[in-house]
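Okay, here's what each chain looks like letter by letter:
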Amino acid sequence: MSKIAVVFWSGTGNTEIMANEVAQGIKEKGSEVEVISAENFSKEKVGDFDGIAFGCPAMGEEVLEEEIFEPMFNACEPDLNGKKIALFGSYGWGDGEWMQNWEEKCKGIGAVLTTDCVTCMEEPDDDAKEACRKLGASLA
Ligand SMILES: Cc1cc2nc3c(=O)[nH]c(=O)nc-3n(C[C@H](O)[C@H](O)[C@H](O)COP(=O)(O)O)c2cc1C
């Protein structure tokens, strides 16, 4: 049975709702899942999982959250070469530039994206929740 992590940062809970839906999609496929907040994840844990869903909202000016999530993610990068990952996150008023840049970066480091990223404006609606469950299923 594969073991998947859902690693997320969320300031006001929207990306956290997405993370829980991603986890649901993984569970429904019969894989083991651990939902881990970004401050509790580190590069040493990457090898414990067969795949990782990373979630982070658009922050700053179209960037990842810079105090906790981005340093954690940057540290993990060398270990993500060849790793199955998928990306998700909520945004507010932008055009999704943060996610485009993040996806490009992940391709550049050799990560294997199992599906297109999932983004939603503010709180996820039913369609976005379903997309999150599918994203989870793609990793399971
Ligand atoms: C400090 C700050 C910076 C933000 N910067 C952006 C941004 O550059 N582009 C954007 O689309 N939304 C931006 N937002 C909106 C958040 O991405 C949006 O509210 C999102 O739903 C927050 O997700 P969360 O509830 O998981 O924290 C920003 C919000 C905050 C608080």
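Each value, and the rule that gives it
Residues numbered from 1 in each chain as written. Predicted model: local features only at pLDDT ≥ 70, side-chain atom pairs only at ≥ 80, totals over all residues. Heavy atoms only, no water. Axes fitted to C-alpha atoms, helices over the stretch in contact; angles between N-to-C directions. Helix = DSSP H or I, 4+ residues; strand = E, 2+ residues; numbered from the N terminus. Parallel < 35°, antiparallel > 145°, perpendicular 65-115°, else oblique. Left-handed = near helix turned anticlockwise from the far one by under 90°. Contact = heavy atoms within 4.5 Å. Core = buried A, V, L, I, M, F, W, Y, C linked by side-chain atoms within 4.5 Å. Buried < 20%, exposed > 50% of the residue type's maximum accessible area, 1.4 Å probe, protein only. Phe/Tyr/Trp six-rings, centres within 6.5 Å; stacked < 30°, edge-to-face > 60°. Lys NZ or Arg CZ within 6 Å of the ring centre and 35° of its normal. Near = heavy atom within 4 Å. Polar contact = N/O pair within 3.5 Å; in protein donor to acceptor, adjacent residues only side chain to side chain. Areas by Shrake-Rupley, 256 points an atom, 1.4 Å probe, with all protein chains shown as cover. Nonpolar A, V, L, I, M, F, W, Y, C, P; charged D, E, K, R; others polar.

**Q** Mind laying out the packing of helix α1 (residues 14–28) against helix α4 (residues 126–139), listing which residues take part and the relevant values?
**A** As a packed pair, α1 and α4 sit with axes 7 Å apart at the nearest point and diverge in direction by 50°. Classified by the angle between their axes, α1 and α4 sit oblique to one another. For the pair α1 and α4, the sense of crossing is right-handed. Listed contacts from α4 to Ile17, Met18, Glu21, Val22, Gln24, Gly25, Ile26 and Glu28 of α1 are Lys129, Cys132, Arg133, Leu135, Gly136 and Ala137.

**Q** For the nonpolar core, give the residues involved together with the corresponding values.
**A** The biggest cluster of nonpolar side chains holds 25 residues, and the ones touching the most others in it are Phe41, Ile52, Phe54, Phe69, Leu80 and Trp102. At the level of secondary structure, the elements contributing two or more residues to this core comprise β1 (3–8), β3 (51–55), α2 (69–76), β4 (84–91) and α3 (97–108). Apart from the residues lying within four places of it in its own chain, the contact partners of Phe41 are Val7, Ile36, Val46, Phe49, Ile52, Phe54, Met72 and Cys76. Counting residues in each nonpolar core, the second largest holds 17 residues, with Ala19, Val22, Cys120 and Leu135 among its members.

**Q** So what's going on with the environment of Lys83? Which residues, and what values?
**A** Inspection of the secondary structure puts Lys83 in the loop between α2 and β4. Residues in contact with Lys83, not counting those within four places in the same chain, are Val46, Gly47, Phe49, Asp50, Gly110, Ala111 and Val112.

**Q** With reference to specific residues and values, describe the packing of aromatic side chains.
**A** In the structure shown here, the tally under the stated rule is eight aromatic pairs. Between Tyr91 and Trp98, the aromatic rings sit 6.0 Å apart at their centres with planes inclined by 45°, giving tilted as the arrangement. Each member of the pair Tyr91 and Trp98 is classed as buried. Over the aromatic face of Phe49 sits the side chain of Lys3, whose NZ or CZ is 5.2 Å from the ring centroid.

**Q** Lay out the site of the ligand in plain terms, naming residues and giving numbers.
**A** Close to the ligand lie 18 residues, the nearest being Ser10, Thr12, Ala58, Ser90 and Gly94. Separating an oxygen atom of the ligand from a side-chain N or O atom of Ser10 is a distance of 2.6 Å. Residue Gly11 places a main-chain N or O atom 2.7 Å away from an oxygen atom belonging to the ligand. Isolated, the ligand exposes 640 Å² of accessible area, and the fraction of that covered by the protein chains is 80%. Those elements giving two or more residues to the shell around the ligand turn out to be α1 and β4. When the residues that make up the shell around the ligand are grouped by side-chain class, the tally is five nonpolar, 10 polar and three charged.

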